[in-house]
Amino acid sequence: TTLLAGAAHAQDYPNKLITVIVPFAAGGPTDTVARLVGQSMSKSLGQQVIIENVGGAGGTLGAARVAKAAPDGYTVLLHHIGQATSVALYRKLPYDTLNDFAPVGLITDVPMTFVAKSAFPAKDLKELVAYAQANKDKVSYANAGVGSASHLCGMLFMTAIKAELTTVPYKGTGPAMNDLLGGQVDFMCDQTTNTTSQIKGGKIKVYGVTTKTRVPSLNEVPTMDEAGLPGFEVAVWHGLYAPKGTPQPVIAKLTKALQEALKDPNVVTRFAELGTEPVSPDRATPEALGKHLKAEIDKWSPIIKAAGVYAD
Ligand code: MLT
C-alpha cells in the first residue's frame, strides 16, 4: 500500500505550496538565486513556491532541516559549495551529506569578488595583501560562518597570504554587506550575485574576481591571477535537493521545473546582470548533481584538512 500511496501521491504532486529552504539569511546571494529560480519554478509547477531562510552554522542548520523533512517534495534545499565543504569542516554533522538527500539538479556557478569598505586604504590587491599581512590583528574579514562560501574563500586567501585574520561571522553575506557598507567590517570575499550592485554603485571597493577569466558584467575587474594571486580560483556552484526517499516521479517533476526555470528569459537575464549564468540543461539533473557533490567533497576535504580548519 505504501508503494501505491507513494505513486498516487506523486500523481497529483504538487497539490500545495512548496518550501525552498535557503540555509543563509535573507538578502544574500543564496537567497537571490533561490527567489529567482523559485519564482520561475512556481509558474511551471502551478503551485506557490516560498523561500524560508534558515541561517546558522555556515548553512548546515538549514541543510539539517531538509535532511529531516518529510520526503514528499514539499520541502527542498537550495544550497551551494558549502554542502561539500561542510563534510570536512564539521566532524559531527547532524546528517549524512551523501545519503540523506535526493539530488534534483545543479543550478549555477557564481563567481566571487574580493570587496572592501570604501574607506579601506588599499588601492589594489597587492596593497590589500600587504596591508593585511602588516595589520593581522587589526584587519577584519566578514564571512557567513564556517561552511559558507565566504568562509572557504577567506580560508584560501589566508592560506595564500600566510596570515590569520580576525573573522566576523554573520548568518549570511546579506547582513555582512550591511556592515561592509557601514564600514564596521573591513573586507570579504562574496559572490557577484550580492556584490555587483554595490560595486556598480561605487559603495564598496573591488580588487578581483575569483574566476579564471573576467566576469563580463564586471569586465573592468581583474582576475585574482592578474591582480597578483595566481591560481586563486573558486566559483560557488549551487544545487537543489529533496530529502532522501522522495518518490522518483516527484523528483522528476522538480527536475523538469528546475530545467524550465533555467531557460526562463527573466532568470537568464537577471543571472547575467549579476555576473552568472544557468548551468547547461544536462547538468540540471539528479545524476549530475550527485556526481558533482561527491567530486567536490573529494576535492575540498584534503585542502580543508591541510589548512587545519574545523568548525566543531
Ligand atoms: C549567503 O547567501 O549569505 C552566502 O551564500 C553566504 C556564503 O556562503 O558566503
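Residues numbered from 1 in each chain as written. Predicted model: local features only at pLDDT ≥ 70, side-chain atom pairs only at ≥ 80, totals over all residues. Heavy atoms only, no water.

Named according to an unreviewed UniProt entry, the protein is Tripartite tricarboxylate transporter substrate binding protein BugD originating from Elstera cyanobacteriorum. Per UniProt, the protein has the following entry under Sequence similarities (unreviewed entry): "Belongs to the UPF0065 (bug) family." (UniProt positions renumbered as here; feature names shortened; annotations may be inferred.)

Observations concerning the overall build of the protein
Within the protein, the regular secondary structure consists of 12 helices and nine strands. Taking the principal axes of its C-alpha atoms as reference, the protein extends roughly 70 × 40 × 30 Å. The buried share of the protein, reckoned over its 312 residues, is 57%. In the protein, once contacts between residues fewer than 6 apart in sequence are set aside, the share between residues at least 24 apart is 79%. Accessible area for the protein stands at about 12,800 Å²; split by element, carbon and sulfur atoms hold 56% of it. (Helix = DSSP H or I, 4+ residues; strand = E, 2+ residues; numbered from the N terminus. Buried < 20%, exposed > 50% of the residue type's maximum accessible area, 1.4 Å probe, protein only. Contact = heavy atoms within 4.5 Å. Areas by Shrake-Rupley, 256 points an atom, 1.4 Å probe, with all protein chains shown as cover.)

Things to note about helix α8 (residues 192-200)
Across the nine residues that make up α8, a large majority, seven, are buried. The set of residues buried in α8 consists of T192, T193, N194, T195, T196, Q198 and I199. Next to the buried residues of α8 lie α2 (29-45), β4 (101-117), α7 (173-182), β7 (187-191), β8 (204-209) and α11 (265-273). One or two steps after α8, the chain reaches G202, where phi turns positive at roughly 70 degrees.

So, the site of the ligand
Taken together, the neighbourhood of the ligand is formed by F24, G28, P29, T30, H80, A144, S148, A149, S150, G172, T173 and Q191. Contact between the ligand and H80: an oxygen atom at 2.7 Å from a side-chain N or O atom of the residue. Take A149: an N or O atom from its main chain is 2.8 Å from an oxygen atom of the ligand. For the ligand, whose unbound accessible area comes to 270 Å², protein coverage reaches 100%. Because more than half of its atoms lie within 2 Å of the grid, the ligand is assigned to the largest cavity. Looking at the shell around the ligand, the elements with two or more residues in it are α2 and α6 (149-161). Taken together, the residues of the shell around the ligand sort by class into four nonpolar, eight polar and no charged. (Near = heavy atom within 4 Å. Polar contact = N/O pair within 3.5 Å; in protein donor to acceptor, adjacent residues only side chain to side chain. 1 Å grid on protein atoms, 1.4 Å probe; cavity = no way out; pocket = protein on both sides within 12 Å on 5 of 7 lines; lining within 4 Å. Sits in = over half its atoms within 2 Å of the grid points. Nonpolar A, V, L, I, M, F, W, Y, C, P; charged D, E, K, R; others polar.)

Points about the layout of surface pockets
A water-sized probe, rolled over the atoms, reveals where empty space remains. What the largest pocket holds in volume is close to 350 Å³. Lining the largest pocket are 19 residues, with D109, P111, G275, T276 and E277 positioned closest to its centre. If one sorts the elements of the lining of the largest pocket by residue count, β4 sits on top with three residues. Taken together, the residues that form the lining of the largest pocket break down as eight nonpolar, six polar and five charged. Looking at the second largest pocket, its volume works out to about 220 Å³. Every residue lining the second largest pocket is counted, 13 residues in all, and those nearest its centre are H151, M155, M158, E164 and V309. Looking at the lining of the second largest pocket, the elements that each hand over two or more residues are β5 (140-143) and α6. (Points joined across faces, edges and corners; volume = space filled by probe spheres on them.)

A few points about the state of the cysteines
By the definition in use, this model includes one disulfide. The partner cysteine of C153 in its disulfide is C189, sulfur to sulfur 2.0 Å. The disulfide joining C153 to C189 has a torsion of about 80 degrees about its S-S bond and is therefore right-handed. Within this pair, whereas C153 is found in helix α6, its partner C189 is found in strand β7, the two being separated by 36 residues in sequence. Exposure remark for C153: the relative accessible area of 0% places this residue in the buried category. (Disulfide = S-S within 2.5 Å.)

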